[in-house]
Amino acid sequence: MAKFFIVALTVMLAMQLYVSWHVYRLLPFSAPIKIAVVLLMLLALCCMVFQFKSDALPLGLATALYEIGNSWLIIMFYLLMAFLVLDIGRLIHLVPPMALKSNAVTSMILAGVMLVTFVGGNIHYHNKQRKLIDLTTEKPLPRPLKIVMLSDVHAGFHNRRTEVGRWVDMINAEQADLILIAGDIIDGNVRPLLAQGTALELRRFNAPAIACLGNHEYITGLGKALDLLHSTGIRILRDDTVSIGGVTIVGRDDRSNRNRKSVNQLMHRVSQEQYIILLDHQPYHLEEAQQAGVDLQLSGHTHRGQVWPLNWVTKAIYECDYGQWRRGKTDYYVSSGIGIWGGKFRIGTDSEYAVITITPARK
């Protein structure tokens, strides 16, 4: 973990240096103003680093560090892409060199594009998408089953109690038979949830709520995460199963637990006569669910990259990084998440929940 942190910090510093140098050269201001802008950018990066000491800071300051630092990380990434494009354009003589040096026009265009991109991305994040999925099964169900599936709530410093409560109201309005959550309910720290009373909102689900764990529950600290989750009334399945409403829910522990059971091991205790739903946070090795006879696997984790063009990266990593998928007789849905990690921007991806109706086929 320490080695990963050092590598990540080195990469961020390199990005910051490249962006800061180009901003300094581009802005049509005096040297003191340029230096002040660069120092503000450096301060935003420091917020990203200091947030890891949030437990020792006042809650309001810790929240501000999270919001500023993580938002800046995404903004810096987009500035990096913009300056790389401009540098390539300069090298192939499509962009005149003077366009990148003390140029008011380029500065205004770049600032305008960034403003529209991130204001639009923030608005789109708050506009939750409702995905409708209709499935049929040959297995016996007493009646059509309506499920609301969500993942990646990431409740914490940025997705606070009021916002989580709004999502609960949206889900309750569906009048579902069952609510299934595919991991990452907690963002990475229980402190803001305890201070805000977020667990009280999660207790308001008007249907049985069942969840598996995600990697962020392990990042939070498994003991602390489980204590808080148990106070919500949500049933947490860790390599365990439960039958309800004519279906069997299999909840697999997150792959952060290297000793978790395989899908095949979990299925040994499950009757194939019932419709089987597997909750597995990270959508790796989808063939395991197919081979074990799972009817429907629900996953999250990928966020579909969260912002473009990172959705290209997740598409290259996963067999299915988002949406509906099918392998043999097994259906899959990988959600891009109702919440988000880091800055509240959705650019080229959606924040969503899925409404799944499973209908027994007529004989």
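Residues numbered from 1 in each chain as written. Predicted model: local features only at pLDDT ≥ 70, side-chain atom pairs only at ≥ 80, totals over all residues. Heavy atoms only, no water.

**Remarks on the sheet that holds strand β8 (residues 275–279)**
So the rule is basically this: Pairing between strands is defined by DSSP: at least two bridges between the two strands are required. We count a stretch as a helix when DSSP gives it H or I for four or more residues in a row; a strand needs E for two or more, and each element gets its number in order from the N terminus. To define axes, lines are fitted to C-alpha atoms, for helices over the stretch in contact only, and angles between the resulting N-to-C directions are given on a 0 to 180 degree scale.
A sheet is described by the order of its strands in space; here 6 strands give the open sequence β6-β7-β8-β9-β11-β10, paired in mixed fashion. Strand pairing shows two members of the sheet lacking a second neighbour, β6 (240–244) and β10 (323–327), which therefore form its edges. Each neighbouring strand pair of the sheet contributes to a mean axis angle of 20 degrees, computed without reference to strand direction. Note: β8 against strand β9 (residues 296–299), 3 bridges, orientation parallel. Along β9, the bridge assignment pairs Ile277 with Leu296.

**Comments concerning unusual backbone geometry**
Rules: For every residue, the accessible area (1.4 Å probe, protein chains only) is compared with the maximum for its type, and the residue is labelled buried under 20%, exposed over 50%, or partly exposed between those bounds.
Cis geometry marks the peptide bond from Trp308 to Pro309, where omega comes out at 5 degrees. Examined against the element boundaries, Pro309 turns out to sit in the loop between β9 and α12 (310–317). You will see that His154, though not glycine, has its phi angle at about 50 degrees, which is positive. You can see His154 is positioned in the loop between β2 (145–150) and α5 (161–172). Judged by its relative accessible area of 1%, His154 falls in the buried class. One non-glycine residue, His285, lies in the positive phi region at around 50 degrees. Mapping His285 onto the fold places it in the loop between β8 and α11 (287–292).

**Some words on empty space enclosed by the protein**
Rules: In this analysis, the protein atoms alone were mapped onto a 1 Å grid. Cavities are point sets where a 1.4 Å probe fits without being able to get out; pockets are open sets with protein on both sides within 12 Å along at least five of seven lines; lining residues have an atom within 4 Å of a point. Grid points are joined across faces, edges and corners, and a volume is the space filled by probe spheres set on the points. The nonpolar class holds Ala, Val, Leu, Ile, Met, Phe, Trp, Tyr, Cys and Pro. Asp, Glu, Lys and Arg form the charged class, and all remaining residues, Gly among them, are polar.
Applying the stated criterion across every chain yields a total of 2 cavities of 30 Å³ or more. The volume enclosed by the largest cavity comes to roughly 40 Å³. The element best represented in the lining of the largest cavity is α5, accounting for 4 residues. Grouping the amino acids of the lining of the largest cavity by side-chain chemistry returns 8 nonpolar, no polar and no charged. Estimates place the volume of the second largest cavity at around 30 Å³. Lining the second largest cavity we find Arg252, Val263, Leu278, Asp280, Tyr284, His285, Glu288, Ala289 and Gln297. Residue composition of the lining of the second largest cavity, grouped by class: 4 nonpolar, 2 polar and 3 charged.

**Some details on the sheet that holds strand β1 (residues 129–137)**
Strands pair in a sheet through their backbones, by hydrogen bonds, and they do so in one of two ways: parallel or antiparallel. Reading across the sheet, the 6 strands line up as β1-β12-β2-β3-β4-β5 and stay open at both edges, with mixed pairing between neighbours. With partners counted over all chains shown, the strands left at the sheet margins are β1 and β5 (235–236), one partner each. Where β2 meets strand β12 (residues 352–360), 5 bridges bridge the pair, whose relative direction is antiparallel. Looking across to β12, one finds that Leu145 is bridged to Ile358.

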